[in-house]
Amino acid sequence: MQITAAVTEAKGAPFAVQPVELGDLRDDEVLVRVAAVGICHTDLIVRDQWIPVPLPAVLGHEGAGIVERVGASVSDCAPGDRVAMSFHSCGRCHTCRSGRPAYCMQFFEHNFAASRPGDASSVLSRNGQPLHAHFFGQSSFATHAVASERNIVRIDGDIPLDIAAPFGCGIQTGAGAVLNVVRPAVGSSIAIFGTGAVGLAAVLAAVVAGCTTIIGIDRSATRLRLARELGATDTVDVASGDAGQAVVGLTGGGVDNSLETTGSPAVFRQAVDCLAPTGTCGLIGAAALGTEVAFDMTTILVGGRVVRGIVEGDSVPQLFLPMLVRLWEAGRFPIDRLMRWYDLDQIDEAAHDAEAGRVIKPVLRVT
């Protein structure tokens with residue numbers, strides 16, 4: 001069948017909205033009519049080839065929509081179901097079977113190879129030639145996406161799909177880093193370096209967790225103001241000096257937990273150095289492959305500090321996304337305050353607005 005998709009032709013090229021052909025479903029696949037899809041930082045750094053995903057390809061990995069068809073072996077969803085799509089995983093390796101699919105041992109093959117795992121085939125073609133797809137198991141910058149039971153999440157309730165769509169990656173990443181990984185104690189402190197979509201989702205989650213000191217760090221006065229409105233108790237403008245030292249000063253010695261969401265080595269160092277003894281720093285921000293950072297080993301050793309990476313909020317999407325939806329319905333997770341909506345053919349405008357800081361979370365309304 002013919003569908004419409006935004007194709008990334010080459011490194012740094014604009015998204016090209018055009019007709020492409022969608023082939024037959026396999027027995028374990030699900031066809032979703034995409035209603036909305038978020039634009040994530042990962043989509044943009046893949047477009048720019050920080051991560052070497054093969055091009056041309058259809059990107060997009062925060063899709064939500066309505067199931068249209070399912071393969072013969074699919075039993076967990078049915079035509080007509082409202083669903084969000086998240087990351088893909090193998091389901092067979094040690095970490096998947098331990099309930100940690102975000103650390104799947106084949107994560108890159110299932111999410112960044114832009115083809116079906118195993119045989120490297122694609123459900124999409126253009127002018128008779130295969131087109132790279134299956135990005136994060138979905139390639140949802142399109143009117144239709146092919147996913148699987150492992151990365152489909154049924155969405156109950158009345159939450160609009162153009163709000164639920166970004167839950168599948170950026171929102172669950174920030175919120176899950178707080179609620180699933182650092183798990184701050186009630187009354188504890190946390191510093192969040194970067195108040196974009198991921199960082200502000202973390203701010204909201206820190207409020208839910210009962211943190212009483214929540215520090216947002218950024219260079220944007222607009223984003224810092226929103227961070228305060230969403231529950232940050234303090235903010236630090238990086239233009240005012242060393243943000244890590246500012247956090248130490250605000251807390252009288254350092255924070256219990258910190259999160260680095262920017263992908264900057266210098267910021268990562270600050271996020272570690274501002275920890276109190278036995279504190280944990282979670283690295284979320286994605287940098288170009290090969291990026292390195294230096295730490296003072298004594299700072300980590302003597303203080304018993306912990307530094308760990310966090311992928312996709314360490315979540316099981318089928319469990320975590322419905323919880324975020326319930327929090328949104330209860331008015332405790334107003335994540336839509338970050339969003340601005342665009343049509344699919346405005347994808348380049350939305351991407352440029354995000355890169356220029358004019359919007360925090362762009363979401364495309366597709367069908």
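So, a few notes on the structure that sits alongside this text.

Definitions and limits used
- Residues numbered from 1 in each chain as written.
- Predicted model: local features only at pLDDT ≥ 70, side-chain atom pairs only at ≥ 80, totals over all residues.
- Heavy atoms only, no water.
- Helix = DSSP H or I, 4+ residues; strand = E, 2+ residues; numbered from the N terminus.
- Rg over C-alpha atoms; globule rule 2.2 N^0.38 Å.
- Buried < 20%, exposed > 50% of the residue type's maximum accessible area, 1.4 Å probe, protein only.
- Contact = heavy atoms within 4.5 Å.
- Areas by Shrake-Rupley, 256 points an atom, 1.4 Å probe, with all protein chains shown as cover.
- Lys, Arg positive; Asp, Glu negative; His and termini not counted.
- Charge placed at Lys NZ, Arg CZ, Asp CG, Glu CD.

**Points about the overall build of the protein chain**
Move 1: Within the protein chain, the regular secondary structure consists of twelve helices and 18 strands.
Move 2: Rg of the C-alpha trace for the protein chain: 20 Å, near the compact-globule value of 21 Å for 367 residues, within the 12% margin.
Move 3: Considering only C-alpha atoms, the protein chain reaches an extent of 60 × 40 × 40 Å along its principal axes.
Move 4: Here the protein chain holds 367 residues, and 55% of them are scored as buried.
Move 5: Considering only contacts in the protein chain between residues 6 or more positions apart, those separated by 24 or more positions represent 69%.
Move 6: Looking at the protein chain as shown, the accessible area adds up to about 14,500 Å², and 51% of this sits on carbon and sulfur atoms.
Move 7: Side-chain charges of the protein chain comprise 28 positive and 38 negative groups, with the mean position of each set lying 3 Å from the other.

**Comments concerning unusual backbone geometry**
Move 1: A cis amide bond, omega 0°, links Leu-55 with the succeeding residue Pro-56.
Move 2: With respect to the helices, strands and loops of the structure, Pro-56 is situated in the loop between helix H1 (41-47) and strand E4 (57-58).
Move 3: Notably, Phe-136 is not glycine yet its phi reads approximately 50°, a positive angle.
Move 4: Here Phe-136 shows up in the loop between strand E8 (129-131) and strand E9 (144-148).
Move 5: Despite not being glycine, Glu-312 shows a phi value in the positive range, around 50°.
Move 6: Relative to the helices and strands, Glu-312 resides in the loop between strand E16 (306-309) and helix H11 (317-329).
Move 7: Note on Glu-312: relative accessible area 5%, which makes it buried.

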